[in-house]
Amino acid sequence: MLTLPSRRLASAALGAAFAVAVALPARADEALTLAQAQHLAQERSRQLPAQAAGATAAREMAAAAGELPDPTLKAGINNLPINGADRFSLTSDFMTMRSVGVMQEFTREGKRQARAARFAREAELAETGRLVALSELRRDTAMAWVERSVLERMREALQAQRAEAALQIEAADAAYRGGRSPQADVFAARSALATIDDRIRQTERQIATTTTRLARRIGNSDAERALAALPAMETLALHGDNLEARLPQHPQIAQMLRQEAVAQAEADIAQSSKQPDWSVELMYSQRGPAYSNMVSINLSVPLQWDQKNRQDREVAAKLALLEQLRAQREEATREIAAQIRTGWQEWQSNRHRLAHYDSTLTPLAAERTRAALAAYRGGGGPLAAVLEARRMEIDLRMERLSLEMQTAGLWAQLEYLIPAESAAVAEK
């Protein structure tokens, strides 16, 4: 039997469960906006935290690389007899010693700083890698979202045309039964309806494909939600006037710049390696009780007797790699700039074409269909003219929607090409 506090807790739990049950359908019925889809894709992505983890690892390595190497502990037995009366004795022979020592390598500070700087550049490279992944994630999500939105409008337009074609079949069938038109008109009307049905099925398959692509980014349940209206696509953050200034913020170019920085850091390490590191060893040796104990101090340094064929060639190789990366980045910058300008020009041209469709081509096609239909109903025109006008109007509307989908795709590619976060990274 429940006590009063238990009853209150149970009532509260039931109330919370009811509130969740009411809220979930409301969210499921809410139209999915483009911004929401991109936010869901970013939350669900595993590539972004993977890149962040890589940057964290490089920063940790940068801190470790700036420290001196760990000292080395040494222990051993020297001059142990292996035959005769004193064999394997640790105390009988005056030359036998039990030794323990420690050795420390003193890496030059400039070399340690160069190694730390190299890992710091690796961290920055990983950060730009995250920006590349973020840009691709937002772009791909936006393209899948806008394609599905336009395809659903195509399906709606075809379904509206199908309803009109079904009415046309009824009219043609009635006219045939009344002896006012041949049976061929009935078959022509049914053929037109079958063609529309085929186009609807094709569009539904394309919608399913884009839904699968969208689900890859945001999950199956959210991908099944209805989509909100297309956002305003009349302007672009990236255009011809600010292209030169923003081009270094392009994720791929920024990534190549960071790769150059890593190559430069490796060249600095190779240059610092031309100065050898020193090692110091201190050893304490214990002999038998009748003999004195010993202390040894050793100093070692590598002899770089052939720098021109070893260290100098390593530096030259690193500098050549740096020059290779710089040339590749300059070539890629020119190619990306040309692609952006081409995409921007195509987007502008498509917008003008869409305006021409809306102002001239689509109204003319609709007027032709209405005129042919009026003539047919008045007995002054054949049904074939009506079907032909309707087919051309459908084709024109589908062409217009296809052009809108292409234009929206170009907008998505250009609008999300450079993430807002790139500006902050580029300033570092």
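As the structure is a computational prediction, the values presented were derived from the model and not from experiment.

Calculation notes
- Residues numbered from 1 in each chain as written.
- Predicted model: local features only at pLDDT ≥ 70, side-chain atom pairs only at ≥ 80, totals over all residues.
- Heavy atoms only, no water.
- Helix = DSSP H or I, 4+ residues; strand = E, 2+ residues; numbered from the N terminus.
- Rg over C-alpha atoms; globule rule 2.2 N^0.38 Å.
- Buried < 20%, exposed > 50% of the residue type's maximum accessible area, 1.4 Å probe, protein only.
- Contact = heavy atoms within 4.5 Å.
- Lys, Arg positive; Asp, Glu negative; His and termini not counted.
- Charge placed at Lys NZ, Arg CZ, Asp CG, Glu CD.
- Pairing = 2+ DSSP bridges.
- Axes fitted to C-alpha atoms, helices over the stretch in contact; angles between N-to-C directions.
- pLDDT = per-residue confidence, 0-100.
- Salt bridge = Lys/Arg side-chain N within 4 Å of Asp/Glu carboxyl O.
- Expected span 1.5 Å × (residues − 1).
- Parallel < 35°, antiparallel > 145°, perpendicular 65-115°, else oblique.
- Nonpolar A, V, L, I, M, F, W, Y, C, P; charged D, E, K, R; others polar.
- Polar contact = N/O pair within 3.5 Å; in protein donor to acceptor, adjacent residues only side chain to side chain.
- Arc of directions from axis to C-beta.

Here's the deal with the overall build of the protein chain
Move 1: Along the backbone of the protein chain there are 11 helices and four strands.
Move 2: Here the C-alpha radius of gyration of the protein chain, 38 Å, is well above what a compact globule of 428 residues would show, namely 22 Å.
Move 3: Dimensions of the protein chain along its principal axes, counting C-alpha atoms only, are 135 × 80 × 45 Å.
Move 4: Here the protein chain, with 428 residues, has 37% of them falling under the buried criterion.
Move 5: In the protein chain, of all internal contacts separated by at least 6 residues, the share reaching a separation of at least 24 is 81%.
Move 6: For the protein chain, the centre of its 54 positive side-chain charges and the centre of its 53 negative side-chain charges are spaced 3 Å apart.

Points about the sheet that holds strand β2 (residues 97-106)
Move 1: Spatial ordering of the open sheet is given by β1-β2-β3-β4, a layout of four strands whose pairing is antiparallel. Only two strands of the sheet have a single neighbouring strand rather than two, namely β1 (72-78) and β4 (294-300). Put simply, the sheet's adjacent strands are angled 20 degrees from each other on average, direction ignored.
Move 2: As defined by bridge partners, β1 adjoins β2 across seven bridges and the pair is classed as antiparallel. Within the sheet, the bridge partner assigned to Ala75 lies in β2 and is Val100.

A short note on the confidence of the model for the protein chain
Move 1: In the predicted model, the protein chain carries a mean pLDDT of 86, and the fraction of residues at 70 or more is 91%.
Move 2: In this model, residues 1-26 is a region of pLDDT below 50 whose contacts with residues beyond four sequence positions or in other chains number two contacts.

Topic: the pattern of salt bridges
Move 1: This structure, assessed with the given rule, holds 30 salt bridges.
Move 2: Its salt-bridge partner being Glu122, residue Arg118 comes within 3.0 Å of it at the nearest N-O pair. Taken together, the residues span about one helical turn, with Arg118 and Glu122 both in helix α4 (residues 109-177) at a distance of four residues.
Move 3: Here Arg139 and Asp140 are joined by a salt bridge, their closest N and O atoms 3.2 Å apart.
Move 4: Each of Arg118, Glu122, Glu266 and Lys318 takes part in salt bridges that share partners, so that together they form one network.

As for α4
Move 1: In this model α4 runs 101 Å from its N-terminal to its C-terminal C-alpha over 69 residues, within 8% of the 102 Å that 1.5 Å per residue would give.
Move 2: Remark: Gly179 follows α4 within two positions and exhibits a positive phi of approximately 80 degrees.

What about the packing of α4 against helix α10 (residues 383-415)?
Move 1: Axis separation between α4 and α10 bottoms out at 8 Å; the angle between their running directions is 170 degrees. Viewed along their axes, α4 and α10 adopt a mutual orientation that is roughly antiparallel.
Move 2: For the contact of α4 with α10, the per-class residue count stands at 18 nonpolar, five polar and nine charged.

Points about the side chain of Arg225
Move 1: On the secondary structure map, Arg225 appears in the loop between α6 (220-223) and α7 (243-246).
Move 2: Within the structure, Arg225 has its side chain in polar contact with the backbone oxygen of Glu30 (distance 3.3 Å).
Move 3: Within the structure, Arg225 has its side chain in polar contact with the side chain of Asp222 (distance 3.0 Å).

Regarding helix α3 (residues 47-65)
Move 1: If you check α3, its first and last C-alpha atoms are 27 Å apart, about what 19 residues at 1.5 Å a residue would give, namely 27 Å.
Move 2: Along α3, the positions that sit buried rather than exposed are Leu48, Ala55, Ala58, Ala62 and Ala65. Looking straight down α3, one finds its buried side chains confined to an arc of 115 degrees; they lie on one side.
Move 3: If you follow the buried residues of α3, they end up packed against α2 (34-44) and α4.

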